[in-house]
Amino acid sequence: MMRFVPLVALACALAAPLFIRSDSTFAIVTFGLLLASLAVSFNLIFGFTGQLSFFHAASFGVAAYITAILVSDYRWNFWLAIGPALATVAMLALVVGAICFRFKLREFYFAVVTMAFSEMIRLVVVNWNSVTNGTLGMTVTAQPTLWSPSGPVALSGARVWYYVALAVLVVTYVVCQRVLASWIGRCFAAIRLNEQLGETLGVNVFLYKLLSFVIGSVLAGLVGCFYGFYTGFIEPQYLSITQSLDIISMVLLGGVSSLFGPVIGGLVLTALPHVIDLTAELRIILYGAILIFVILVMPRGIFGLFERPHHAV
Amino acid sequence: MLFEARGLTKRFGGLTAVSDVSFGIDEGEIIGIFGPNGSGKTTTLSLIAGMLAPTAGDLVWQGQGIVGRRPFEIAEMGIVKTFQNPQLFPELTVLDHMRIASHLGFKRALGARRLFTLVWPWAAADIESGADAKMKDMLHLCRLTEARNEKAAALSYGAEKMLGVAMAMMCDPKLLLLDEPASGLGQEEIVNLEAVLRDLRAHGVTLCIIDHKVGFLGRLADRSIALAHGAMIAQGATRDVLASDAVVEAYLGRKHA
Ligand SMILES: Nc1ncnc2c1ncn2[C@@H]1O[C@H](COP(=O)(O)OP(=O)(O)OP(=O)(O)O)[C@@H](O)[C@H]1O
Ligand SMILES: [Mg+2]
């Protein structure tokens, strides 16, 4: 039964623009889809491999900066710029992951060290004024174009971006789903559940942790590539710990034991502040209260309420 | 000789947990390791399985030194160890556990071609059904067929230990290292365990089994070694080892007049 939920949701999402009238609703949902993608790839590392990474926002932000800089300053084609952006994220994740996992950093220690690396990268971005424009951030005016038989179409307008965001989410989801359904997913499960046992059953714990971290981070980078062009603006805030915390919140709210839970969490937490019209301070309090409630009362998250209590193996 | 330990020594700070232990294992044998609590039995098996690095000594597997290999490499070479206390995942079923343990089978069968199955999952269909058949066999062998859909949390202690063995068997070990499979088991479960272990041997698996009680392993093991305070105090035919003065003294703390 639950297997069809994502397909039904996709069908609804494809049809939704027929019913959405206002641009502001489109904007909320588009942001929701992009953040949901981040939450899904984060859950590959966190929920499925058991590693609490604080590097996700860094991967996202670095890719956003690199694509924007290549396109705006060096006149690259947007689609070509995705390559070096993701390659850079993969390299960073490889180095950070290799260091953490080689030193067998777990749980709290892994979280803190990835946080430190993430901050280092943010500080580079903040201080490298000549390239990144520092704390002021960069405006991104270029618009990616898509090839079509009748000439290139610019990615602009609420409806088009809605579908772009949906496509990013689908790609992220399918990649994670394929990985988890394969032998790799079994190795991830072994690591999440008991590293030592996994190792005696022949799982190369180092390799598969690294694989999870790199795949998850690159997928976060993919969202970053598009995000800046959607908002038209990039700032160091993208790489902040707060951004990582937001992603974690979405996953906890949606449910850590599935791929679909984070989609719900991402959409709900993005939409909530807009649906309930509150001042910024109250919003943050509400947000915190919801999280505490979720962690204490429904540790499996929203999706976990419907799902049979069991991690995909 | 399938396996040989030479001068195996492990120190934890000032404590010598395993001290200059040497023994060999032939293919198809059942080797018993006896010793009172804290005598270094678990440490010896952990050293063999690569989970600890020896302070000194050599481990030779099929003519090849394996000191310094990582545990997963050693598992891949055919040495798999079970844990003294079953390391299970309460929320998963017995079948889920078996599925997680099927990883090495895939690796051996497909190698790098596994990457192709990421985009074309059907390429692994034969191997997947082969793995399913093997899971079935192993569950049957370990008397877990009826419990296959139970959560690990609902299993009896005896069944938990059996599941540990069944998972290890999914890795197709040539040498299976069992850490006190009989401890905490009832009389009936021990009889059952004995039958399972005989079946495993009939499957061509060489067994190295720890027990600190003398009972069931005395009947099962072809040869044994006995440890006390990390040192090997006797080795040879099981009956002789258990009857030797050194062993009797180690267990009773005094010479048995
Ligand atoms: N990781 C470790 N660090 C320090 N000391 C250890 C460690 N592992 C074991 N020891 C010590 O080494 C000695 C041998 O321990 P080991 O677990 O091998 O004994 P054992 O024969 O398996 O005992 P038991 O019958 O209780 O399982 C003990 O004194 C133990 O306290
Ligand atoms: Mg022990």
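Anyway, here's the lowdown on the structure attached to this text.

## Thoughts on the overall build of chain A
Phase 1: Tallying secondary structure elements over chain A gives 14 helices and four strands in all.
Phase 2: Rg of the C-alpha trace for chain A: 19 Å, near the compact-globule value of 20 Å for 313 residues, within the 12% margin.
Phase 3: Taking the principal axes of the C-alpha coordinates as reference, chain A spans close to 55 × 45 × 45 Å.
Phase 4: Buried residues in chain A amount to 54% of all 313 residues.
Phase 5: Excluding contacts between residues fewer than 6 apart, the proportion of contacts in chain A whose partners are at least 24 apart in sequence is 77%.
Phase 6: Of the accessible surface of chain A, which amounts to about 13800 Å², a share of 71% is contributed by carbon and sulfur atoms.
Phase 7: Between the centroid of the 15 positive side chains of chain A and the centroid of its 11 negative side chains there is a distance of 12 Å.

## Focus on the coordination of the magnesium ion (ligand 2)
Residues and elements named next belong to chain B.
Phase 1: Taken together, the protein ligands of the magnesium ion (ligand 2) are Thr42 (OG1) and Gln84 (OE1), with distances of 1.8 to 2.3 Å. Within this pair, whereas Thr42 is found in helix α1 (residues 41-48), its partner Gln84 is found in the loop between β6 (79-81) and α3 (94-100), the two being separated by 42 residues in sequence.
Phase 2: Judged by relative accessible area, which is 27%, Thr42 ranks as partly exposed.
Phase 3: Here Gln84 falls in the partly exposed class, since its relative accessible area comes to 29%.

## Describing the packing of helix α4 (residues 103-110) of chain B against helix α6 (residues 125-141) of chain B
To characterise two packed helices, one gives the angle between the axes of the helices and the distance between these axes.
Residue and element names in this part refer to chain B.
Phase 1: In contact at an axis separation of 10 Å, α4 and α6 are set at 140 degrees when each is read in the N-to-C sense. Here α4 is positioned oblique relative to α6, judged by the angle of their axes. Here α4 runs over α6; the crossing is right-handed. Between α4, through Phe106, Ala109 and Leu110, and α6, the contact on the second element is made entirely by Ile127, Glu128 and Ala131.

## Let's talk about the interface of chain B and chain A
Phase 1: Contacts between chain B and chain A engage 30 residues on the former and 26 residues on the latter.
Phase 2: Between chain B and chain A, a total of about 2600 Å² is buried, with carbon and sulfur atoms accounting for 64% of that surface.
Phase 3: Joining chain B to chain A, the criterion identifies one salt bridge.
Phase 4: A salt bridge links Glu128 of chain B to Arg186 of chain A; the nearest nitrogen and oxygen atoms lie 2.8 Å apart.

## Regarding a nonpolar patch on the surface
All names here are of chain A.
Phase 1: Judged by side-chain polarity, Met91, Leu94, Val95, Ile99 and Phe103 come together as a nonpolar surface patch covering roughly 480 Å² of accessible area.
Phase 2: Note on placement: Val95 falls in helix α4 (residues 78-102).
Phase 3: With a relative accessible area of 44%, Val95 lands in the partly exposed category.

## Structural notes on the site of ligand 1
Residue and element names in this part refer to chain B.
Phase 1: Of all residues adjacent to ligand 1, which total 14 residues, the nearest are Gly38, Lys41, Thr42, Thr43 and Gln84.
Phase 2: Lys41 is positioned with one of its side-chain polar atoms (N or O) 2.8 Å from an oxygen atom of ligand 1.
Phase 3: For ligand 1, an oxygen atom lies 3.2 Å from a polar atom in the side chain of Glu180.
Phase 4: A total of 630 Å² of accessible area belongs to ligand 1 in isolation, and the protein chains cover 61% of it.
Phase 5: Looking at the shell around ligand 1, the elements that each hand over two or more residues are β2 (15-25) and α1.
Phase 6: Here the shell around ligand 1 gets three residues from one element, more than from any other, and that element is α1.
Phase 7: Along the lines of polarity and charge, the residues of the shell around ligand 1 split into four nonpolar, eight polar and two charged.

Rules used throughout
- Residues numbered from 1 in each chain as written.
- Chains lettered and ligands numbered in written order.
- Predicted model: local features only at pLDDT ≥ 70, side-chain atom pairs only at ≥ 80, totals over all residues.
- Heavy atoms only, no water.
- Helix = DSSP H or I, 4+ residues; strand = E, 2+ residues; numbered from the N terminus.
- Rg over C-alpha atoms; globule rule 2.2 N^0.38 Å.
- Buried < 20%, exposed > 50% of the residue type's maximum accessible area, 1.4 Å probe, protein only.
- Contact = heavy atoms within 4.5 Å.
- Areas by Shrake-Rupley, 256 points an atom, 1.4 Å probe, with all protein chains shown as cover.
- Lys, Arg positive; Asp, Glu negative; His and termini not counted.
- Charge placed at Lys NZ, Arg CZ, Asp CG, Glu CD.
- Donors = N, O, S within 2.8 Å, 3.2 Å for Na, K, Ca; no water.
- Axes fitted to C-alpha atoms, helices over the stretch in contact; angles between N-to-C directions.
- Parallel < 35°, antiparallel > 145°, perpendicular 65-115°, else oblique.
- Left-handed = near helix turned anticlockwise from the far one by under 90°.
- Buried area = accessible area lost by both parts, 1.4 Å probe.
- Salt bridge = Lys/Arg side-chain N within 4 Å of Asp/Glu carboxyl O.
- Patch = residues over 30% accessible without salt bridge, like charges linked within 9 Å, V, L, I, M, F, W, Y side chains within 5 Å.
- Near = heavy atom within 4 Å.
- Polar contact = N/O pair within 3.5 Å; in protein donor to acceptor, adjacent residues only side chain to side chain.
- Nonpolar A, V, L, I, M, F, W, Y, C, P; charged D, E, K, R; others polar.

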